[in-house]
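# Inside the fold
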Amino acid sequence: MSSTTRKLVLSKLLKSFPLILLYFSVLNEIDLNYLNFKYFSFNFTFILIYFWSLKSSETLGYGHIFFAGVINDVVIGYPIGVSAFTYLFICGFAAYLRNITLRPNLINDWLFFLFTILVVTAINFSILSFIFSIDLNYYDLTGNIIFTFLFYVIFALIFQNYQKIIFRGSND
């Protein structure tokens, strides 16, 4: 394999890293419950989808996000389509913010992310508890929302640096 071909393959692989990370996160259901801390978990997939839908919507693509939601439902045992609906709702909020924002700001993105995860989690909770009669723990859900909100800033900074390095500048 020539060095030009290797560089091209490496470049394509690095540019598709957010997509690979999306599928990896839904297949493993990454929420850091592996540490066995009570009430400590966060939804990395929400952060990943929100950030990349907000900053570079073509990186993940809505079809991949929908399919990742279906895979997530199979992995965690939810009715098929609930997570896909939730993920697409997050994309909708991110697209709305992207279209109304003149000057992107991490603090504004972060606060709107809080609003987004509150609305999406409320819808998800309503669907799962009222329609499908699945019991959810309020404390775990509240802790997950709080830690997801807090960890957004950390991952947003990491993703912004990654975006600047790999994509040669951000889409701000």
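Structure report, in brief. From a predicted model like this one, the values you see are computed outputs, not experimental measurements.

Moving on, we get to the overall build of the protein. A count of helices and strands for the protein gives 8 helices and 0 strands. Starting at the N terminus and walking to the C terminus, you meet the elements of the protein as α-α-α-α-α-α-α-α. The C-alpha radius of gyration of the protein comes to 17 Å, within 12% of the 16 Å expected for a compact globule of 172 residues. Viewed in the frame of its principal axes, the protein has a C-alpha envelope of about 55 × 40 × 30 Å. Per-residue burial for the protein yields a buried fraction of 42% across its 172 residues. Contacts in the protein between residues far apart in sequence, at least 24 positions, make up 72% of those at least 6 positions apart. Here the protein has roughly 9800 Å² of accessible surface; of this, 67% comes from carbon and sulfur atoms. Across the protein, the 10 positively charged side chains and the 8 negatively charged ones have centroids separated by 20 Å.

Turning our eyes to something else, we now look at the environment of V119. Relative to the elements of secondary structure, V119 occurs in helix α7 (residues 106-131). Sequence spacing of V119 and L88 is 31 residues, and the spatial spacing of their C-alpha atoms is 13 Å.

Here we come to the nonpolar core. Generally speaking, nonpolar side chains in soluble globular proteins are found buried as a group. By size, the foremost hydrophobic cluster in this structure holds 39 residues, and its most contacted members are L22, I49, Y50, Y152 and F159. When residues of this core are traced back to their parent elements, those giving at least two are α2 (17-28), α3 (44-55), α5 (62-76), α6 (82-100), α7 and α8 (138-166). When residues no more than four places from it in sequence are discounted, the contact partners of L22 are T45, L48, I49, L60, H64, I65 and A68.

Here the focus is the side chain of N72. Relative to the elements of secondary structure, N72 occurs in helix α5. Within the structure, the side chain of N72 is placed 3.1 Å from the side chain of Y87, a separation counted as a polar contact.

This paragraph deals with the packing of aromatic side chains. Applying the stated criterion across every chain yields a total of 25 aromatic pairs. A ring pair is formed by F51 and W52, whose centres lie 5.2 Å apart and whose planes are at 90°; its orientation type is edge-to-face. With 5.4 Å between their ring centres and 45° between their planes, F51 and F159 make a pair best called tilted. On the criterion of sequence distance, the pair formed by F51 in helix α3 and F159 in helix α8 is long-range, its members being 108 residues apart. Residues F51 and F159 agree in their burial class; the two are buried. Every member of this aromatic cluster is reached through a ring pair, and the members are F17, F42, F44, F51, W52, F151, F155, F159, Y162 and F167.

Over its 19 residues, α6 runs 27 Å from end to end, which matches the ideal 27 Å to within 8%, given 1.5 Å per residue. Looking at α6, one finds that the buried residues are V82, S83, A84, T86, Y87, I90, C91, F93, A94, A95 and L97. Those residues of α6 that are buried are in contact with α2, α3, α5 and α7.

How each quantity is defined
- Residues numbered from 1 in each chain as written.
- Predicted model: local features only at pLDDT ≥ 70, side-chain atom pairs only at ≥ 80, totals over all residues.
- Heavy atoms only, no water.
- Helix = DSSP H or I, 4+ residues; strand = E, 2+ residues; numbered from the N terminus.
- Rg over C-alpha atoms; globule rule 2.2 N^0.38 Å.
- Buried < 20%, exposed > 50% of the residue type's maximum accessible area, 1.4 Å probe, protein only.
- Contact = heavy atoms within 4.5 Å.
- Areas by Shrake-Rupley, 256 points an atom, 1.4 Å probe, with all protein chains shown as cover.
- Lys, Arg positive; Asp, Glu negative; His and termini not counted.
- Charge placed at Lys NZ, Arg CZ, Asp CG, Glu CD.
- Core = buried A, V, L, I, M, F, W, Y, C linked by side-chain atoms within 4.5 Å.
- Polar contact = N/O pair within 3.5 Å; in protein donor to acceptor, adjacent residues only side chain to side chain.
- Phe/Tyr/Trp six-rings, centres within 6.5 Å; stacked < 30°, edge-to-face > 60°.
- Expected span 1.5 Å × (residues − 1).

Shape descriptors only; they carry no functional weight alone.
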